[in-house]
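Fold and contact review
Given next are the chains, with one letter for each unit.
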Amino acid sequence: MNQTYTAVVKRDGEWLIGWVEEVPGINAQEESRELLLTSLREVLSEALIMSREEARQAAGAGYEEFAPLLKALATVNKHCLNELPSH
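Residues numbered from 1 in each chain as written. Predicted model: local features only at pLDDT ≥ 70, side-chain atom pairs only at ≥ 80, totals over all residues. Heavy atoms only, no water.

A separate point is the sheet that holds strand S3 (residues 27-30). Hydrogen bonds between backbone atoms are what pair the strands of a sheet, whose relative direction is either parallel or antiparallel. The 3 strands are arranged S1-S2-S3 in an open sheet whose pairing can be described as antiparallel. Both outer strands of the open sheet, strand S1 (7-12) and S3, are each paired with one neighbouring strand and no more. Each strand of the sheet is rotated relative to its neighbour by a mean of 20 degrees, with strand direction disregarded. Pairing geometry for strand S2 (residues 15-20) and S3, over 4 bridges, is antiparallel. (Pairing = 2+ DSSP bridges. Helix = DSSP H or I, 4+ residues; strand = E, 2+ residues; numbered from the N terminus. Axes fitted to C-alpha atoms, helices over the stretch in contact; angles between N-to-C directions.)

Judged by nonpolar contacts, Tyr-5, Ala-7, Leu-16, Val-20, Val-23, Ile-26, Ala-28, Leu-36, Leu-37, Leu-40 and Leu-44 together constitute the single largest core of 11 residues. Of all the secondary-structure elements, those providing two or more residues to this core are S2 and helix H1 (33-59). The contact partners of Val-23, leaving out residues within four places of it in the chain, are Tyr-5 and Leu-44. (Core = buried A, V, L, I, M, F, W, Y, C linked by side-chain atoms within 4.5 Å. Buried < 20%, exposed > 50% of the residue type's maximum accessible area, 1.4 Å probe, protein only. Contact = heavy atoms within 4.5 Å.)

Attention shifts here to the environment of Ile-26. As for its position among the elements, Ile-26 is in the loop between S2 and S3. Measuring from C-alpha to C-alpha, the distance between Ile-26 and Leu-40 comes to 7.0 Å, with 14 residues separating the pair along the chain. Residues within four places of Ile-26 in sequence aside, it is in contact with Gly-18, Trp-19, Val-20, Leu-40, Val-43, Leu-44 and Ala-47.

Turning to H1, a few remarks are in order. With 27 residues, H1 ought to run about 39 Å at 1.5 Å a step, and its terminal C-alpha atoms sit 38 Å apart, in line with that. Of the positions making up H1, those classed as buried are Leu-36, Leu-37, Ser-39, Leu-40 and Leu-44. In this fold, the buried residues of H1 make contact with S1, S2 and S3. Directly beyond the C-terminal end of H1, a positive phi value near 70 degrees is found at Gly-60. (Expected span 1.5 Å × (residues − 1).)

Judged from the 6 bridges that link them, S1 and S2 form a sheet pairing that is antiparallel. Its bridge partner being in S2, Asp-12 is matched across the sheet by Trp-15. Counting the residues in the hairpin turn of S1 and S2 gives 2 residues, including Gly-13, whose phi is positive at 65 degrees.

Take the pattern of salt bridges next. Counted under the stated rule, the structure contains 1 salt bridge. Two residues, Arg-56 and Glu-65, come together in a salt bridge whose shortest N-O distance is 2.7 Å. Judged by relative accessible area, which is 38%, Arg-56 ranks as partly exposed. (Salt bridge = Lys/Arg side-chain N within 4 Å of Asp/Glu carboxyl O.)

Structure follows, in C-alpha cells:
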C-alpha cells in the first residue's frame, strides 16, 4: 500500500515541532527540519506497525483485510512527508 501522510511543522524558539495530520499522537521535536522529518517517519512507522498488530490480534481468526479501501483513501491527501515547503 502506498499511503501518504502530511506533516505539519512549526518553529517554536530554537526547536521545530511537527505532527502528522492524519494520525493523532504522532509528533516530534527536533533542531532541524531534516531530523524532524526523520523522527516523524520513524514514529509513524512504529505506530502503524503496532496498530496493525493490535487490530489483527483483536480480530482473531477468520478476519478479512480490505487493502483496496485503504489505498483509495490514500488518494485524498495531496502532500506527503517528502513534499513539505522549504519555508
